[in-house]
Amino acid sequence: MFSKDIGIDLGTASILVYVKGKGVVLREPSVVAIDKNTGKLLKVGTDAQKMLGRTPGNIVAIRPLREGVISDYDMTERMLREFIRKVTSFRVFKPRVVICVPSGITEVEERAVIDAGVQAGGRRVYLIEEPLAAAIGAGIDINQADGHMIVDIGGGTTDIAVISLSGIVESASIKIAGDQFDEAIIKYIRRKHNVLIGERTAEELKIAIGCVFPRPEEQSIEIKGRCLMTGLPRVFTVTSSEMIEAFEEPSTRILEAIHSVLERTPPELVADISTNGIVMTGGGSLIWGFDKLIESHTGITTNVADDAISCVAYGTGKSLEWVGDMQDGTINISRRKQMNH
């Protein structure tokens, strides 16, 4: 049995693993639960996520990636090893691995990702930048001399890039994404209702009624939290227009980043983008009305890609086909200029 090459979308909020010939085979939250006293790994992924915010003293549930980069190296490596073990059954050959990273990543952070991949059982580890992977996954033909704009809103980072001739022409990576939207909800509800809610409740709220553009009909939902005045549980109602207020700051920051990337883009490519439109990927792009918000600010047609959450993983998987013709020593696929010549 030869090993199957695998592509990993190493996200702050979730990890998706793509196996060549099989597609996306694993989609789990990037959370690890360990026993503090023994250092033993108890659970990874979904099982560990259920423990977030409700563990007894000796068990800690941690998210080893923060804002798109590795904040706890040891845990990331152990988590990757578990996930790679789950998807590779025969351990005769180690797989080649392509891992997806944010476009604003530093060399030190790149090294950390590569080392973690090798330690976790990859024979060779390559990197691909998120917006490029997202574009491939969204079905854009990136080899053409034609400008496309991708806005990938993940859990920890939002990557915005203009892509042409299979390279990134202009990009920005900001640390405002799904997690910041959750935090914005927590802050807002604390300020407005004087109630404290947890991260998971905030995320449920975001998914259920979150929006960044007025909905045709107002929606509301009942949630539970702890009243800060009495310290007791309290049930109250939150509406979708309150969500727009809560999200004002993070959504404005993302709009500003898109604007600044467009300002730096050569005019020819801007013309292409206004024809081709902006493509949104990542879980954050599913917040209701994001496409409408960007469209109303830029005047450029904006669409959310099909299966926005898996786009990056599919793109990372498809890029495995190029690993064969990469020059030795090129680690980052996005910089493999010699590919088509």
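See above for the structure.
Residues numbered from 1 in each chain as written. Predicted model: local features only at pLDDT ≥ 70, side-chain atom pairs only at ≥ 80, totals over all residues. Heavy atoms only, no water.

Engineer: Give a description of the environment of Ile-294 that names residues and reports values.
Structural biologist: Secondary-structure assignment places Ile-294 in helix H9 (residues 290-298). Classification of Ile-294 by relative accessible area gives buried; the value is 0%. Expressed as a C-alpha distance, the spacing of Ile-294 and Phe-213, which sit 81 residues apart in the sequence, is 9.7 Å. Beyond its immediate sequence surroundings of up to four residues, Ile-294 is in contact with Leu-255, Ile-258, Ile-278, Met-280, Gly-299 and Thr-302. (Helix = DSSP H or I, 4+ residues; strand = E, 2+ residues; numbered from the N terminus. Buried < 20%, exposed > 50% of the residue type's maximum accessible area, 1.4 Å probe, protein only. Contact = heavy atoms within 4.5 Å.)

Engineer: How would you explain the layout of surface pockets if you had to name every residue and give the values?
Structural biologist: Volume-wise, the largest pocket comes out at about 1100 Å³. If you go around the largest pocket, you meet 47 residues; those closest to its centre are Ala-13, Ser-14, Gly-155, Glu-203 and Lys-206. For the lining of the largest pocket, the elements supplying multiple residues, two or more each, are strand E1 (6-10), strand E2 (14-19), strand E3 (23-29), strand E11 (148-153), helix H5 (178-193) and helix H6 (199-209). Sorting elements by how many residues they give to the lining of the largest pocket places H6 first, with seven residues. (1 Å grid on protein atoms, 1.4 Å probe; cavity = no way out; pocket = protein on both sides within 12 Å on 5 of 7 lines; lining within 4 Å. Points joined across faces, edges and corners; volume = space filled by probe spheres on them.)

Engineer: Can you lay out the environment of Gln-144 for me, pointing to particular residues and giving the numbers?
Structural biologist: Assignment of secondary structure puts Gln-144 in the loop between helix H4 (130-137) and E11. Between the C-alpha atom of Gln-144 and that of Gly-7, which follows or precedes it by 137 residues, the distance is 24 Å. When residues no more than four places from it in sequence are discounted, the contact partners of Gln-144 are Ser-164 and Leu-165.

Engineer: I'd like to hear about the pairing of E3, residue by residue, with values.
Structural biologist: In this sheet, E3 lies alongside E2 in antiparallel orientation, the contact comprising six bridges. Note on E3: the bridge partner recorded for Ser-14 is Pro-29. Where E2 hands over to E3, the hairpin turn is made up of three residues, of which Gly-21 adopts a positive phi near 90 degrees. (Pairing = 2+ DSSP bridges.)

Engineer: If you had to explain the environment of Ile-34 to someone new, which residues and values would you point to?
Structural biologist: Looking at where Ile-34 falls in the secondary structure, it is placed in strand E4 (residues 32-35). In this view, Ile-34 contacts Lys-40, Leu-41, Leu-42, Asn-58, Ile-59, Val-60, Ile-62 and Met-75; residues no more than four positions away in its chain are not counted.

Engineer: Which residues make up unusual backbone geometry, and what values go with them?
Structural biologist: You will see that Leu-165, though not glycine, has its phi angle at about 50 degrees, which is positive. Relative to the helices and strands, Leu-165 resides in the loop between strand E12 (158-164) and strand E13 (167-174). Overall, the relative accessible area of 54% leaves Leu-165 in the exposed class. Here Ser-166, not a glycine, exhibits a phi torsion of approximately 45 degrees, which is positive. With respect to the helices, strands and loops of the structure, Ser-166 is situated in the loop between E12 and E13. On the basis of relative accessible area, Ser-166 is assigned to the buried category, the value being 10%.

Engineer: Account for the packing of aromatic side chains, with residues named and values stated.
Structural biologist: Geometry of an aromatic ring pair is reported as the spacing of the ring centres plus the angle between the planes. The final tally for this structure, using the stated rule, is three aromatic pairs. On the basis of an interplanar angle of 85 degrees and a centroid distance of 4.9 Å, the ring pair of Phe-181 and Phe-247 is categorised as edge-to-face. Taken together, the positions of Phe-181 in helix H5 and Phe-247 in helix H7 (residues 240-264) put the pair 66 residues apart, joining distant regions of the chain. Ring centres 5.9 Å apart and planes at 80 degrees place the aromatic pair Phe-181 and Phe-290 in the edge-to-face group. With a gap of 109 residues between them, Phe-181 in helix H5 and Phe-290 in helix H9 connect regions that are remote in the sequence. Assigned by exposure class, Phe-181 and Phe-290 land together as buried. An aromatic cluster is present here, built from Phe-181, Phe-247 and Phe-290 joined pairwise through their rings. (Phe/Tyr/Trp six-rings, centres within 6.5 Å; stacked < 30°, edge-to-face > 60°.)

Engineer: Which residues make up the nonpolar core, and what values go with them?
Structural biologist: With 42 residues, the main nonpolar core has Met-149, Ile-189, Ile-197, Leu-205 and Phe-290 as its most contacted residues. With sequence-adjacent residues up to four places away left out, Met-149 is seen in contact with Ile-160, Ala-161, Val-162, Ile-258, Val-261, Leu-262, Ile-273, Gly-277, Ile-278 and Val-279. Counting residues in each nonpolar core, the second largest holds 29 residues, with Ile-6, Val-69, Leu-80 and Ala-116 among its members. (Core = buried A, V, L, I, M, F, W, Y, C linked by side-chain atoms within 4.5 Å.)

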